[in-house]
Amino acid sequence: MPFRPTALAARITALAARLPRAASARTAELAARYPRAASVAHSARAGAGRARAGAGRARAAGVRAARSRWTRIALTIAIGLAGGYVGLLVGGRTVTPVGPANVQLVLHPSLHGGTTLELPPLGAVHLDTHSGPVSVEAHLTDVRPDQAQRLIEDDSALDRVTDQIADQIRHGVTVLLIRAAVLALVFAFLAALILFRSWRRAVAAVGASAAGLVAVALLAWTTFNPDSIAEPRYTGLLANAPQVVGDAETVFTRFSTYRANLARLVGNASKLYAATSTLPTYEPDPSTIRVLHVSDIHLNPTAWNVIKSVSTQFHATFIIDTGDLMDHGSKPEDKFADSISDLKIPYVYIRGNHDSRSTQRAVARQKNAIVLDDQTREVGGLRIYGVGDPRFTPDKSTRDDFVGSDQVRAEGNVLADKLRKSGTTPDVVLTHDPSEGEAFSGLTPLILSGHLHARQTKLLPTGTRLFVQGSTGGAGLRGLEHEEPTPIELSVLYFNRASHRLQGWDDLQLGGLGLTSAKIERHLEPDPDRAIKPQPPATAPPSSPTSPFPSKFPSDWPSRSPSPTTSPTSSASPTRERG
């Protein structure tokens, strides 16, 4: 018979199909013949299955238990550290005497650490003393007047204060750290006890908090920088005078001199606080409009730090600048005006005789600037009229430098008559030159000016107050022309929001370039609601012996070319046309 693979495969398949049925039948036959043995075998198979399932569950439970234990440990550590950090910040504050003053020492959360000395309203000194999640702030809270007065009157007392300061600061820091550490441990314990309701876990949280304190202390110790006092950063008014504690390069080589300078700083701060403690009782309320008046910055970048600090600390509503922002009004100087946008509050500006039309446009580009030139605007609740100076005199090469005060007053008369005919009654009038400002007497309760680099004020016969601001830039480089530098001056004016009348003002004066003095004086308006009497308009411009065109107003003067003998820098200065 021939070999047929197909037939053989079919027979094998049929035989394989019959085997399970045969095996099943044989198993049933044996189970029927020996029932007890079959029952034992079935039980054995079931027990083996349950054993395998139990072993799986045990392994899963062990894994879950291990994970839960590490989770509890991690959570306990986290709660201990968090509670300890909160306690550190809550307990990290104390008040300690330092000379005639009280200083509050406070721990603050920080990404970079460091130490800050706050001296309101002067500003702050920042030292990169250490790294870590906690910084130290020392805040001068108040001065004891009796001790401050004795310190002012007795120069020898400064030496005794110098010896006391180090011990007092050391004692204050020690009390601060002990309070902070104790409260950190207490907060960690209470936080864990409340969350976990377990004494063991609360104690473990205290251990975690203690370990965190040790880590912070070690980080501060290892990163402590004793040279940081030689590299301070100043903000606020102190940014104007970093020399207040002496030359940083010689602090360590001349430590005795440094100690004396530090004592002098305490003395100066005491004088400042003694002066402010005797200010009149007038206190601005929330309904008061606060206006910061600055003038004659003359390209001094330090002025921006002063203006920003004072406007922030005195909560100024807006700023008024009565001109001479620049020195020569040149195009490269325009960038100096960009700092106006950093002040974040409205900045009302009029042109001075050192400011060009280009300067005026540079100021107008700032988003918070309001430029007035023969215009009236309402700013912060006050109606303000302002006009730019009719001259442009950055140096002796320009024709406007021959203009006298009478001729400027005559130009003011023209503008005042125009304002009078318009029927507008501004609350404040702004002119750069007070000679021009006096022409508006009787049209407004207050005239603000600058130009003279010396602060002064007077009541005009009409009842209008003329207020002349000094130089907020210490007259720039011109401040060095005199034996004593020109001081930096600015004022905070307080207006009643309902009547729009001036109620009082604070005059601030800082020693000019190279000086470290600071003075604040408060003045009250004796009769804020006095009547303002109009004065008759001028009929003709008065002649001026210094004017080249005594019969004409400045707006009618013909152009005058610079002298051919002027320097290239002077001749390159832009000129300004009256418009």
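Cut-offs and rules
- Residues numbered from 1 in each chain as written.
- Predicted model: local features only at pLDDT ≥ 70, side-chain atom pairs only at ≥ 80, totals over all residues.
- Heavy atoms only, no water.
- Helix = DSSP H or I, 4+ residues; strand = E, 2+ residues; numbered from the N terminus.
- Buried < 20%, exposed > 50% of the residue type's maximum accessible area, 1.4 Å probe, protein only.
- Contact = heavy atoms within 4.5 Å.
- Areas by Shrake-Rupley, 256 points an atom, 1.4 Å probe, with all protein chains shown as cover.
- Salt bridge = Lys/Arg side-chain N within 4 Å of Asp/Glu carboxyl O.
- Core = buried A, V, L, I, M, F, W, Y, C linked by side-chain atoms within 4.5 Å.
- pLDDT = per-residue confidence, 0-100.
- Expected span 1.5 Å × (residues − 1).
- Pairing = 2+ DSSP bridges.
- Patch = residues over 30% accessible without salt bridge, like charges linked within 9 Å, V, L, I, M, F, W, Y side chains within 5 Å.

### Comments concerning the overall build of the protein
Looking only at helices and strands, the protein features 11 helices and 19 strands. A burial count over the protein gives 43% of its 579 residues as buried. Long-range pairs, those at least 24 residues apart, make up 66% of the contacts in the protein with a sequence separation of at least 6. Split by element, the accessible area of the protein, about 29,900 Å² in all, is 60% carbon and sulfur.

### Details of the pattern of salt bridges
Applying the stated rule across the entire model yields 17 salt bridges. Between arginine 455 and aspartate 507 there is a salt bridge whose closest N-O contact spans 3.8 Å. In this pair, arginine 455 sits in the loop between strand S14 (446-449) and strand S15 (456-459) while aspartate 507 sits in strand S18 (residues 502-510), placing the two residues 52 residues apart along the sequence. Shared partners join several salt bridges into a network, and the residues in it are Arg351, Arg357 and Asp373.

### Looking at the nonpolar core
In this structure, Leu292, Ile297, Trp304, Leu325 and Tyr347 are the most contacted members of the largest nonpolar core, which totals 31 residues. Sorting the residues of this core by element identifies strand S7 (288-294), helix H7 (302-313), strand S9 (347-349), helix H8 (357-364), strand S10 (369-371), strand S17 (488-496) and S18 as the ones contributing at least two each. Counting residues per element, this core draws most heavily on H7, which supplies five residues. Not counting residues within four places of it along the chain, the set of residues in contact with leucine 292 comprises Ile307, Val310, Ser311, Ala316, Phe318, Ile319, Ile320, Leu490, Ser491 and Val492. If you look at the next biggest cluster of nonpolar residues, it comprises 20 residues, including Ile289, Ile370, Val379 and Phe467.

### Focus on the confidence of the model for the protein
Taken residue by residue, the protein gives an average pLDDT of 74. The fraction at 70 or more is 60%. Considering only residues more than four positions removed or in separate chains, one finds that residues 236-267, a stretch of pLDDT under 50, has 57 contacts. Within the model, pLDDT remains below 50 along residues 542-579, and this stretch shows 77 contacts once partners closer than five positions in the same chain are excluded.

### Some remarks on the environment of threonine 472
For threonine 472, the location among the structural elements is in the loop between strand S16 (465-468) and S17. Along the primary structure threonine 472 and valine 294 are separated by 178 residues, whereas in three dimensions their C-alpha atoms are 5.7 Å apart. Contacts of threonine 472, omitting those with residues within four sequence positions, involve Val294, Ser295, Asp296, Ile297, Ala303, Ile307, Ile488, Glu489 and Leu490.

### Here we look at the environment of valine 136
Along the chain, valine 136 turns up in strand S5 (residues 134-143). According to the relative accessible area criterion, valine 136 is partly exposed, its value standing at 23%. The sequence separation of valine 136 and threonine 116 amounts to 20 residues, and the corresponding C-alpha distance is 6.3 Å. The contacts of valine 136, once residues within four sequence positions are left out, are Val106, Leu107, Gly114, Thr115, Thr116 and His130.

### Regarding helix H5 (residues 199-223)
In an α-helix, one turn spans 3.6 residues, which is why side chains three or four residues apart end up on the same side. Taking 1.5 Å per residue, 25 residues should reach 36 Å; H5 reaches 36 Å between its end C-alpha atoms and fits that length. Of the residues making up H5, those classed as buried are Arg201, Ala202, Ala205, Ala208, Ser209 and Gly212.

### Considerations on the pairing of S15
In the sheet, S15 pairs with S16 via four bridges, with the strands oriented antiparallel. Across the sheet, leucine 459 pairs through a bridge with arginine 465, a residue of S16. Turn length for the S15-S16 hairpin, with the two strands adjacent in sequence and antiparallel, is five residues, and the turn residue glycine 463 shows positive phi of about 100°.

### Details of a nonpolar patch on the surface
A cluster of nonpolar residues, Ile178, Val182, Val186, Leu190 and Ile194, forms a patch on the protein surface that exposes about 450 Å² of accessible area. Note that valine 186 resides in helix H4 (residues 157-196).

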